[in-house]
Amino acid sequence: MIFLYGLETNEWLKLLVLLTFLLLVLVSFNVLMRKLLKVEKKKFFSYNHVNEKHAKIDWTIRITFIAVLVLGYIINMSRDPSDWLWYLEPWYLAFVFIIGSEGARAMLEWKYAENRNAYKLTLSQLLFIVILLVTIFTTNFFGII
């Protein structure tokens, strides 16, 4: 067997198929919900802030996330690997970051957006992503890894 970064070659292929499937599911959900809620498409990989207040809140969340990520790394590296703090692990912090960032977006869209359905789209996407990620991690990537 050929190993690459701890995984066999055929496991990488399975992982690639899973990621492709997940991307397809996420994009399909996005398109369906946008049509149902009649919300315009946002630019891909852009910040799409509702207003200046949202931009400040978003950057505060991002900078705080990076600081906590670095601090968590330092704290966990100074501990025995069997005694690491789970809530300072990068996967957990990223999960909290996604919920915090998208939750703030939904709240500000609810208050300030021109289209009142924008916050419903953000909340539905957030809920879908949370359910999807929890499912992936609890099923151990659907048994692939």
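Here is a short report on the structure shown in this document.

Overview of unusual backbone geometry
A positive phi is found at Lys38, a non-glycine position, where the angle reads about 55 degrees. By the secondary structure assignment, Lys38 is in the loop between α1 (9-37) and α2 (52-77). You can call Lys38 exposed: its relative accessible area is 67%.

Structural notes on the packing of aromatic side chains
Taken as a whole and judged by the stated rule, the model has five aromatic pairs. Centroid distance Phe29 to Phe128: 4.1 Å. Interplanar angle 5 degrees. Geometry classified as stacked. Residue Phe29 is located in helix α1, and its partner Phe128 is located in helix α4 (residues 118-138); the two are separated by 99 residues in the primary sequence. For Phe128, a relative accessible area of 23% corresponds to the partly exposed category. Aromatic ring contacts, followed pair by pair, group Trp86, Tyr87, Trp91 and Tyr92 into a single cluster.

Procedures and definitions
Positions within a chain are numbered from 1, following the residues in the order the chain's sequence is written. Confidence filtering applies because this is a predicted model: local features only for residues at pLDDT of at least 70, side-chain atom pairs given and counted only at 80 or more, and all residues used for totals across whole chains, interfaces and linings. Think of the side-chain values as coming from all heavy atoms in the structure, minus any hydrogens and water. Put simply, DSSP H or I for four residues or longer makes a helix, DSSP E for two residues or longer makes a strand, and each gets a number counted from the N terminus. Only protein chains enter the calculation, and the probe is 1.4 Å; a residue is then buried if its accessible area is under 20% of its type maximum, exposed if over 50%, and partly exposed in between. Only centres within 6.5 Å qualify two rings of Phe, Tyr or Trp (six-membered ring in Trp) as a pair; their planes then separate them into stacked at under 30 degrees, edge-to-face at over 60, and tilted for everything else.

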